[in-house]
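Residue-level structure breakdown
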Amino acid sequence: MPDIALPLTSLTAFVNGAVLFALTVRVIMIRRRDGIVLGDNDDRVMTKAIRGQANAAEQIPVALILIGLIELQAGALVPLVVLAILFSAGRLLHAIYFAIHGTNWRLRLYGMFLTLLAQAGLLVMLLVTALI
């Protein structure tokens, strides 16, 4: 079996895994503090925390798969690094909005913009890399 090294995918997974971990801890802390066993108990703070965690869990795996596939196929490194950074920055901005009560809603907007921009770039890169 050949050795497979995916350093960019690994680093991106580490950064985004840490973001997801922090969001998960936030949900757990609110649940324990407010005695919420299941669901959100019609609590806006809990709902926001759950959605922030869920959105990260929905977006991060797809981007990591795209980055990994591009890296495996020896895609252009510089644009891939830029897209990985944009994606991670977007996820971090998005997470800050959901994790810190009273944070400006623009962080969510900019976070999703960077996330979607990076994912679109990754999709194009994967297609180009696969066709070459």
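About the criteria used
Residues numbered from 1 in each chain as written. Predicted model: local features only at pLDDT ≥ 70, side-chain atom pairs only at ≥ 80, totals over all residues. Heavy atoms only, no water. Helix = DSSP H or I, 4+ residues; strand = E, 2+ residues; numbered from the N terminus. Expected span 1.5 Å × (residues − 1). Polar contact = N/O pair within 3.5 Å; in protein donor to acceptor, adjacent residues only side chain to side chain. Core = buried A, V, L, I, M, F, W, Y, C linked by side-chain atoms within 4.5 Å. Buried < 20%, exposed > 50% of the residue type's maximum accessible area, 1.4 Å probe, protein only. Contact = heavy atoms within 4.5 Å.

Taking 1.5 Å of rise per residue, the 29 residues of helix α2 (residues 44–72) would be expected to cover 42 Å, and the 42 Å separating its terminal C-alpha atoms lies within 8% of that figure. For α2, the side-chain oxygen to backbone nitrogen distance between the N-cap and V45 is 3.0 Å, and the N-cap itself is D43. Trailing α2 by a residue or two, A74 shows a phi angle of about 60°, which is positive.

The biggest cluster of nonpolar side chains holds 19 residues, and the ones touching the most others in it are I67, I70, L80 and L122. Those elements that provide at least two residues to this core are α1 (7–34), α2, α3 (77–99) and α4 (106–131). Top contributing element to this core by residue count: α2, with 7 residues. In this view, L80 contacts L8, I67, I70, E71, L122 and M125; residues no more than four positions away in its chain are not counted.

On to α4. Taking 1.5 Å of rise per residue, 26 residues should cover 38 Å, and α4 covers 37 Å from first to last C-alpha, within 8% of that figure. When we look at burial in α4, the residues that qualify are G111, M112, L114, T115, A118, Q119, G121, L122, M125, L126 and T129. Those residues of α4 that are buried are in contact with α2 and α3.

Turning our attention to the environment of L126. As for its placement among the helices and strands, L126 is situated in helix α4. The buried category is assigned to L126, whose relative accessible area is 17%. As for L126 and I67, which are separated by 59 residues in sequence, their C-alpha atoms are 8.2 Å apart. If near-sequence neighbours (up to four positions away) are discounted, L126 is found in contact with L66, L69, I70 and Q73.

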